[in-house]
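Observations on chain architecture
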Amino acid sequence: MITNQERTDEALTAVVIEWRRKALEGELHASGTAHELETEWRRRAGAPFTNDDTLDMRPLEMRAARPRWWRFWRER
């Protein structure tokens, strides 16, 4: 049996697509196998760097921390 590490990138991509299709069709243990294959596929491709700043689509003015309008510990 060939391991995931021994497959070429193209072969791994084809197998990932096949197992994900089986999982979506409802085959009992296909989702676990698809997950393992996708993990290897992502490891090879390299996970893209995501930064919270790049995901936040608000303008810079709205991202700035605003002071709270109340303070729980403030004396009256």
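Our subject in this report is the structure included herewith. Since the model is a prediction, treat every value here as computed from it, not as a measurement. (Residues numbered from 1 in each chain as written. Predicted model: local features only at pLDDT ≥ 70, side-chain atom pairs only at ≥ 80, totals over all residues. Heavy atoms only, no water.)

1. Quick notes on the overall build of the protein
To be explicit about the condition: Strands here mean DSSP runs of E at least two residues long; helices mean DSSP runs of H or I at least four residues long; both are numbered from the N terminus. With a 1.4 Å probe rolled over the protein chains alone, any residue whose accessible area is under 20% of its type maximum counts as buried; one over 50% counts as exposed, and the rest are partly exposed. Contacts are assigned to residue pairs that have any heavy atoms within 4.5 Å of one another. Where accessible areas are quoted, they stem from the Shrake-Rupley method and a 1.4 Å probe; at the residue level, only the protein chains shown are allowed to cover.
If you tally the helices and strands in the protein, you get four helices and zero strands. Counting across all 76 residues of the protein, residues that qualify as buried make up 16%. By sequence separation, contacts in the protein at least 24 residues apart represent 50% of the contacts at least 6 residues apart. When the accessible surface of the protein is totalled, it reaches about 7,300 Å², and 57% of it is carbon and sulfur.

2. Considerations on the packing of aromatic side chains
Keep this limit in mind: Stacked, tilted and edge-to-face are the three classes applied to pairs of Phe, Tyr and Trp rings, where Trp contributes its six-membered ring and a pair requires centres within 6.5 Å; stacked means planes under 30 degrees apart, edge-to-face means over 60, and tilted covers the rest. Lysine and arginine charges are scored as sitting over a ring when NZ or CZ, respectively, is within 6 Å of the ring centre and within 35 degrees of the ring normal.
According to the stated counting rule, one finds zero aromatic pairs in the structure shown. A cation over a ring is seen here: Lys22 above Trp19, with NZ or CZ 4.3 Å from the ring centre.

3. Structural notes on the environment of Glu38
With respect to the helices and strands, Glu38 occurs in helix α2 (residues 30-45). Owing to a relative accessible area of 12%, Glu38 belongs among the buried residues under this scheme. With 25 residues separating them in the primary sequence, Glu38 and Thr13 have C-alpha atoms 8.5 Å apart.

4. Side note on the pattern of salt bridges
The cut-off we apply is this: When a carboxyl oxygen of Asp or Glu lies within 4 Å of a side-chain nitrogen of Lys or Arg, that pair is called a salt bridge.
Tallied over the entire structure, the rule returns six salt bridges. The partner of Glu18 in a salt bridge is Lys22, and the shortest N-O contact between them spans 3.5 Å. Separated by four residues within a single helix, Glu18 and Lys22 lie in helix α1 (residues 9-24), roughly one turn from each other. Arg43 serves as the salt-bridge partner of Glu40, at 2.6 Å between the closest nitrogen and oxygen. Of the two residues, Glu40 and Arg43 are both situated in helix α2; the distance of three residues between them amounts to about one turn of the helix.

5. Brief notes about α1
Keep this limit in mind: For a helix, the expected span equals 1.5 Å multiplied by the residue count minus one. To be clear, the arc concerns the directions from the helix axis to the C-beta atoms.
Over its 16 residues, α1 runs 22 Å from end to end, which matches the ideal 22 Å to within 8%, given 1.5 Å per residue. Every buried residue of α1 is accounted for by Leu12, Val15, Val16, Lys22 and Ala23. Projected down its long axis, α1 shows its buried positions confined to an angular sector of 130 degrees, all on one face. Exposed and oriented more than 90 degrees from the buried face of α1 are Glu10, Ile17 and Leu24. The inward-facing, buried residues of α1 contact α2. Immediately beyond the C-terminal end of α1, within one or two residues, lies Gly26, with a positive phi of roughly 100 degrees.

Function-wise, these values are silent; they only describe arrangement.
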